[in-house]
Amino acid sequence: MKKIVGLGACVYDTLIRCGRYPKEDTKQRAEEVFVSGGGPVSNALAVMSRLGVRAEYLGALANDAAGEYLLKDLSACGVGTEGVVRAGSRSFTSYILLSAEGKTRTCVFDRGDVPDEPALLGFARIDEASVLHLDGNSLQCALAAARYARERGVLVSLDAGGLYEGIEKLLPYVDILIPSAEFALGITGKGEIPAAMEALQNRYAPKALAVTDGKNGGFYWDGAPRRYAAVQVEAVDTNGAGDTFHGAFLAAYVQGKAVAECCAFAGRVAAYKCARRGLRGLSFSYDEIGRTGEET
């Protein structure tokens, strides 16, 4: 079985569902409050595991109750935790408001004090992997891991969702580059996604390049930018949709699927997730994923 190792944000999320986004300096009753593991890489690993890929988290979690929750939650999702170390006293946490009216999510976060120290991690966990998946968080660890993977012929994947300080240092090591439209436009200075893709392809020459653009679908590179469509569903919870796309894309990619097929599959899996609450507790049934969007 193919193995994917992920290193990046593992976040203790408190999600607050409300009818509409509240006005500043007012009070509003929540419709629901629940906690979940989150973070781009850890969510993607949870999705891969549900889709039948051997997934493993490599990183540090804090020595607090949230860190213990995150460790158990990864295991419950079928994600390997042999590469986890415990360091720091305060976990990466976030509070996420989910607006039913606007179909939006608004996040306020605290990175905690988990150290970004490569010496803490056992990079030998990467040796038997097909892909190392990163998200730009824990940048020093990510850079060290990317160099380690490159030296051993392990592909490096990057979920480039945000323009984090220094993230451009990772790009020369990346084989599978899937940025958000915001990232692609921001880092290239281009005004349109196709032009940004051409600039990224010419500058870094990744083996696979796709850009996500939310409900608009996105583009993939096939000698030139090609558009892929989004699967239309009635959105219930869009939080983690991009993470889901990355997990599903890699699950298809390690099975030898072409980039166009990976995008189509990942778009359908992301739509399946958006039509349901949460992410970690979903089954990601191939039968249900295949029917997603048929009723709309």
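Residues numbered from 1 in each chain as written. Predicted model: local features only at pLDDT ≥ 70, side-chain atom pairs only at ≥ 80, totals over all residues. Heavy atoms only, no water.

Caption draft 1: Summary view of the environment of Glu168. Here Glu168 lies in the loop between strand E9 (155–160) and strand E10 (176–179). Considered as a pair, Glu168 and Ser99 are 69 residues apart in the sequence and their alpha carbons are 33 Å apart. (Helix = DSSP H or I, 4+ residues; strand = E, 2+ residues; numbered from the N terminus.)

Caption draft 2: Fine view of the sheet that holds strand E4 (residues 54–61). Ordered by their spatial adjacency, nine strands build an open sheet running E5-E4-E1-E8-E9-E10-E11-E12-E13, and the pairing between neighbours is mixed. Two strands lie at the open edges of the sheet, namely strand E5 (80–86) and strand E13 (225–228), each paired on one side alone. Between one strand axis and the next, the sheet turns by 15° as a mean value, whatever way the strands run. Bridging between E10 and strand E11 (residues 208–212) involves two bridges; their strand directions are parallel. What sits directly across from Ile176, in E11, is Ala208. Running over the sheet, helix H5 (residues 193–204) touches E10, E11, strand E12 (218–221) and E13 and is turned about 30° from E12. (Pairing = 2+ DSSP bridges. Axes fitted to C-alpha atoms, helices over the stretch in contact; angles between N-to-C directions. Contact = heavy atoms within 4.5 Å.)

Caption draft 3: View of the nonpolar core. One finds Tyr57, Phe249 and Phe284 to be the most contacted residues of the largest nonpolar core, which totals 46 residues. Where this core is concerned, the elements lending two or more residues are helix H1 (40–50), E4, helix H2 (65–76), E10, E11, helix H6 (241–253) and helix H7 (259–274). If one sorts the elements of this core by residue count, H7 sits on top with eight residues. Dropping the residues within four chain positions of it, Phe249 is found in contact with Ile176, Ile178, Val259, Cys262, Cys263 and Ala266. Of all hydrophobic cores here, the second largest spans 40 residues; its members include Ile126, Leu134, Ala149 and Leu158. (Core = buried A, V, L, I, M, F, W, Y, C linked by side-chain atoms within 4.5 Å. Buried < 20%, exposed > 50% of the residue type's maximum accessible area, 1.4 Å probe, protein only.)

Caption draft 4: Focus on the state of the cysteines. If you walk through the whole model with that rule in mind, you get zero disulfides. This cysteine, Cys18, is not joined by any disulfide, and Cys107 carries the nearest cysteine sulfur, 13 Å off. Under the relative-accessibility criterion, Cys18 is labelled buried at 4%. The thiol sulfur of Cys263 is not disulfide-bonded, and the nearest other cysteine sulfur, from Cys262, lies at 6.9 Å. Taking the relative accessible area as the measure of exposure, Cys263 reaches 0% and is therefore buried. (Disulfide = S-S within 2.5 Å.)

Caption draft 5: A look at the packing of aromatic side chains. Counted according to the given criterion, the structure contains eight aromatic pairs. An angle of 85° between the planes, with centres 5.3 Å apart, marks the rings of Tyr12 and Tyr69 as edge-to-face. Linking Tyr12 in strand E2 (residues 11–18) with Tyr69 in helix H2, this pair joins segments that are 57 residues apart in sequence. On the numbers, 5.5 Å between centres and 50° between planes, the contact of Tyr272 with Phe284 is tilted. Placement of Tyr272 in helix H7 and of Phe284 in the loop between H7 and helix H8 (286–291) is noted, with a sequence separation of 12 residues between them. Like Phe284, Tyr272 is buried. Among the aromatic residues, those joined into a ring-pair cluster are Tyr228, Phe245, Phe249 and Tyr253. Looking at Arg111, its charged tip hangs above the ring of Tyr164, at a distance of 5.7 Å from the centre. (Phe/Tyr/Trp six-rings, centres within 6.5 Å; stacked < 30°, edge-to-face > 60°. Lys NZ or Arg CZ within 6 Å of the ring centre and 35° of its normal.)

Caption draft 6: Focus on the packing of H6 against H7. Their axes nearest at 8 Å, the elements H6 and H7 cross at an angle of 140°. When the axes of H6 and H7 are compared, the pair comes out oblique. In the crossing of H6 with H7, the sense of the turn from one axis to the other is right-handed. Facing Ala241, Thr244, Phe245, Ala248, Phe249, Ala252 and Tyr253 of H6, the residues of H7 in contact are Val259, Cys262, Cys263, Phe265, Ala266, Gly267, Val269, Ala270, Lys273 and Cys274. Here the contact of H6 with H7 is composed, by residue class, of 14 nonpolar, two polar and one charged. (Parallel < 35°, antiparallel > 145°, perpendicular 65-115°, else oblique. Left-handed = near helix turned anticlockwise from the far one by under 90°. Nonpolar A, V, L, I, M, F, W, Y, C, P; charged D, E, K, R; others polar.)

Caption draft 7: Region of the structure containing the pairing of E11. Counting buried residues along E11, five of its five residues qualify, which places the element largely inside the surrounding structure. Here E11 shows no split at all, with Ala208, Ala210 and Thr212 on one side and Leu209 and Val211 on the other all buried. Relative to E12, E11 is paired through three bridges, and the arrangement is antiparallel. Along E12, the bridge assignment pairs Val211 with Phe219. Counted along the chain from E11 to the antiparallel partner E12, the turn is five residues long, and its residue Gly214 has a positive phi close to 55°.

Caption draft 8: Structural view of helix H3 (residues 139–151). Taking 1.5 Å of rise per residue, 13 residues should cover 18 Å, and H3 covers 18 Å from first to last C-alpha, within 8% of that figure. For H3, the set of buried residues is Leu139, Cys141, Ala142, Leu143, Ala144, Ala145, Ala146, Tyr148 and Ala149. Residues of H3 that are buried make contact with strand E1 (3–7), strand E8 (131–134) and E9. (Expected span 1.5 Å × (residues − 1).)

Caption draft 9: Quick look at the sheet that holds E2. Overall, mixed pairing links the four strands, which are arranged E3-E2-E6-E7 in an open sheet. With one partner strand each, in any of the chains shown, strand E3 (32–38) and strand E7 (104–110) form the two edges of the open sheet. Strand after strand, the sheet turns through a mean of 20° between neighbouring axes, direction not considered. For E2 and strand E6 (residues 93–99), the ladder comprises seven bridges, and the chain directions are parallel. Paired with Tyr12 across the strands is Thr93, a residue of E6. This element, H2, spans E2 and E3 of the sheet and lies at about 70° to E3.

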